[in-house]
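# Notes for the structure review
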Amino acid sequence: MVASVIGLVAGSGAVALAWELSRSEGGGTGTFTLVGQARIAAQGGEAGTCRGSGALSDIDKGALVTVYDAQGLVVATGSVGSGAYNDSAACVFPILVRDVPDNSKSYTVRVGWHARKEITNMGARAGELILTFS
C-alpha cells in the first residue's frame, strides 16, 4: 500500500514537472522541454541504480535521445539520466530534451539506435513519452 502511494505521488510529481517544463519556452521562441521515460523490462527485482545489458548495453546515463518532427527531420537532441529500478523491477531512465520546436503535429523519439516511438505534440508536451525495451 505504501509503495502504491509513493508511486502515485512520484507519478503525479513527474506529470506536474512535465507541464511546468513544457510551459516554459526553453532557449527559443515556440519551443518546449520534452520529458519522459525509457524503460527496460523487468531485470530481476533489484533495487538501486541500473543500466542496460546485452543488446541494450548502450542504454545508460547520458545515452543520446533524438527527436524527429513529422517529416523525419532531427529537431532536437537530449539524453537519458541515471537508471533506477521501479516497483515492477524495470530499469527506468528519465528522458529530458530541451528546445523541441513546437511546430509539428507529432514527433518520433529514439534512444541510441533503437526503434523510434511516435508521440503526438500534446502527448510530448504533457510528459506522456514512455519507450519500453525488452
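Quick caveat, the model's predicted, so the values are computed rather than measured. Counting restarts for each chain: residues are numbered from 1 in the order of the written sequence. Residues qualify for local features only when their pLDDT is at least 70, as the model is predicted, and side-chain atom pairs are given and counted only at 80 or more; totals for whole chains, interfaces and linings, by contrast, use all residues. By convention in this description, side-chain values take in all heavy atoms of the structure and omit both hydrogens and water.

## Description of the packing of aromatic side chains
- Only Phe, Tyr and Trp rings take part, Trp by its six-membered ring, and two of them pair if their centres are within 6.5 Å. Stacked means planes under 30 degrees apart, edge-to-face means over 60, and tilted covers everything else. Evaluated as defined, the whole model comprises 1 aromatic pair.
- Look at Phe32 and Tyr107: their rings are 5.9 Å apart centre to centre, the planes differ by 70°, and that puts the pair in the edge-to-face class. Highlighted residues: Phe32 in strand 1 (residues 31–40) and Tyr107 in strand 7 (residues 106–111), separated in sequence by 75 residues.
- Think of it in three bands: residues with accessible area under 20% of the maximum for their type are buried, residues over 50% are exposed, and the middle band is partly exposed, with areas taken using a 1.4 Å probe on protein chains only. Residue classification places Phe32 among the buried positions, given a relative accessible area of 0%.
- The class of Tyr107 is buried, set by a relative accessible area of 1%.
- Above the ring of Tyr68, the side-chain terminus of Arg116 is found at 3.6 Å from the ring centroid. Helix and strand assignments follow DSSP, with helices taken as H or I runs no shorter than four residues and strands as E runs no shorter than two, numbered in order from the N terminus. Whether a charge sits over a ring comes down to the Lys NZ or Arg CZ being within 6 Å of the ring centre and within 35 degrees of the ring normal.

## Some thoughts on the confidence of the model for the protein chain
- A score between 0 and 100, pLDDT records how confident the predictor is in each residue. With 75% of its residues at a pLDDT of 70 or more, the protein chain has an overall mean of 82.
- Here helix 1 (residues 2–23) stands out as the element of the protein chain with the lowest mean pLDDT, 43, in contrast to strand 3 (residues 64–68), whose mean of 98 is the highest.
- Any two residues whose heavy atoms approach within 4.5 Å are treated as being in contact. Low pLDDT, under 50, characterises residues 1–28; the predicted model gives this stretch 22 contacts beyond four residues in sequence or across chains.

## Re unusual backbone geometry
- The backbone of Ala89 shows a phi angle near 70°, a positive value even though the residue is not glycine.
- When you line up the elements, Ala89 lands in the loop between strand 5 (83–85) and strand 6 (91–101).
- Ala89 sits in the buried class, given a relative accessible area of 11%.
- In this structure, Asp99 is a non-glycine residue whose phi angle is positive, near 60°.

## Focus on the pairing of strand 4 (residues 74–80)
- Note on pairing: DSSP must find at least two bridges between two strands before they are called paired. One ladder, built from 5 bridges, connects strand 3 with strand 4; its direction is antiparallel. From the neighbouring strand, Val65 faces strand 4, where its bridge partner is Gly78.
- With antiparallel pairing between neighbouring strands as the criterion, strand 3 and strand 4 make up a hairpin whose turn holds 5 residues, including Gly72 at a positive phi of roughly 90°.
- For strand 4 and strand 6, the ladder comprises 2 bridges, and the chain directions are antiparallel. The residue bridging Val80 from the neighbouring strand is Ile95, located in strand 6.

## Considerations on the state of the cysteines
- Note on disulfides: each one is a pair of cysteine sulfur atoms within 2.5 Å. Applying the stated criterion to the full structure yields 1 disulfide.
- Between the sulfur of Cys50 and that of Cys91 lies a disulfide, 1.9 Å long from S to S. Measuring handedness by torsion sign, the sulfur bridge of Cys50 and Cys91 sits at about 100° and is right-handed. Of this pair, Cys50 sits in strand 2 (residues 49–50) while Cys91 sits in strand 6, and the two are 41 residues apart along the sequence. The same class applies to Cys50 and to Cys91, which are both buried.

## Details of the environment of Arg39
- Looking at the secondary structure, you find Arg39 in strand 1.
- Sequence spacing of Arg39 and Ser134 is 95 residues, and the spatial spacing of their C-alpha atoms is 8.4 Å.
- Those residues in contact with Arg39, other than ones at most four positions away along the chain, are Cys91, Val92, Ile130, Leu131, Thr132 and Phe133.

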